[in-house]
Amino acid sequence: MSRCVGGTLVDVTITAATSNHAGVPRVVRQLVAAWGERPDLHYVVWEGAGLRTLDDAERTRLGLAADAALPPGTWVVPYDATFVVV
């Protein structure tokens, strides 16, 4: 488990789970492309009652590189962080 301190978490749950390129997933993919990857920005999905980082398949669906600041599937606890729900 990792604690995200002072960064930004972006909820991409629905888009990461689908290959659909219309509607909300399309907008989210465009935002991810525009925002890119930075050390203080983490794309996350809800699983059960918690947040985790994207696995490799989800990162591929969003057009992100296979490597990430946090390992795939890491549980994340936001602390003093900004949480963005698209």
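Residues numbered from 1 in each chain as written. Predicted model: local features only at pLDDT ≥ 70, side-chain atom pairs only at ≥ 80, totals over all residues. Heavy atoms only, no water.

Q: Please give an account of the pattern of salt bridges that cites residues and values.
A: Counting across every chain of the model gives four salt bridges. Between R59 and E37 there is a salt bridge, with its nearest N and O atoms 2.4 Å apart. Of this pair, R59 sits in helix 3 (residues 56-61) while E37 is found in the loop between helix 2 (24-35) and strand 3 (41-47), placing the two residues 22 residues apart along the sequence. Of the charged contacts in the structure, one is a salt bridge between R38 and D40, with a shortest N-O distance of 3.2 Å. Take R38: its relative accessible area is 39%, and that puts it in the partly exposed class. For D40, a relative accessible area of 37% gives the class partly exposed. (Salt bridge = Lys/Arg side-chain N within 4 Å of Asp/Glu carboxyl O. Helix = DSSP H or I, 4+ residues; strand = E, 2+ residues; numbered from the N terminus. Buried < 20%, exposed > 50% of the residue type's maximum accessible area, 1.4 Å probe, protein only.)

Q: Quick rundown of the nonpolar core? Include the residues and the values.
A: V10, V12, A16, V28, V32, L41, Y43, V45, L54, L62 and L64 form the largest nonpolar core, which has 11 residues in total. Counting only elements with at least two residues in this core, the list comes to helix 2 and strand 3. The element best represented in this core is strand 3, accounting for three residues. If we skip the residues at most four places from it in the chain, L64 touches V32, E37, Y43, L54 and R59. Among the nonpolar cores identified, the runner-up in size contains five residues, and V44, L51, L70 and V76 belong to it. (Core = buried A, V, L, I, M, F, W, Y, C linked by side-chain atoms within 4.5 Å. Contact = heavy atoms within 4.5 Å.)

Q: Quick one: what's the story with the pairing of strand 4 (residues 50-53), residue by residue and with numbers?
A: Where a strand is regular, its side chains alternate between the two sheet faces. Neither face of strand 4 is open: one carries G50 and R52, the other L51 and T53, and all of them are buried. Looking at chain direction, strand 3 and strand 4 are connected through four bridges and run antiparallel. When the bridges of strand 4 are listed, W46 appears paired with L51. When strand 4 meets strand 5 (residues 75-79), the two strands line up antiparallel, connected through two bridges. The partner of L51 across the bridge, within strand 5, is V76. (Pairing = 2+ DSSP bridges.)

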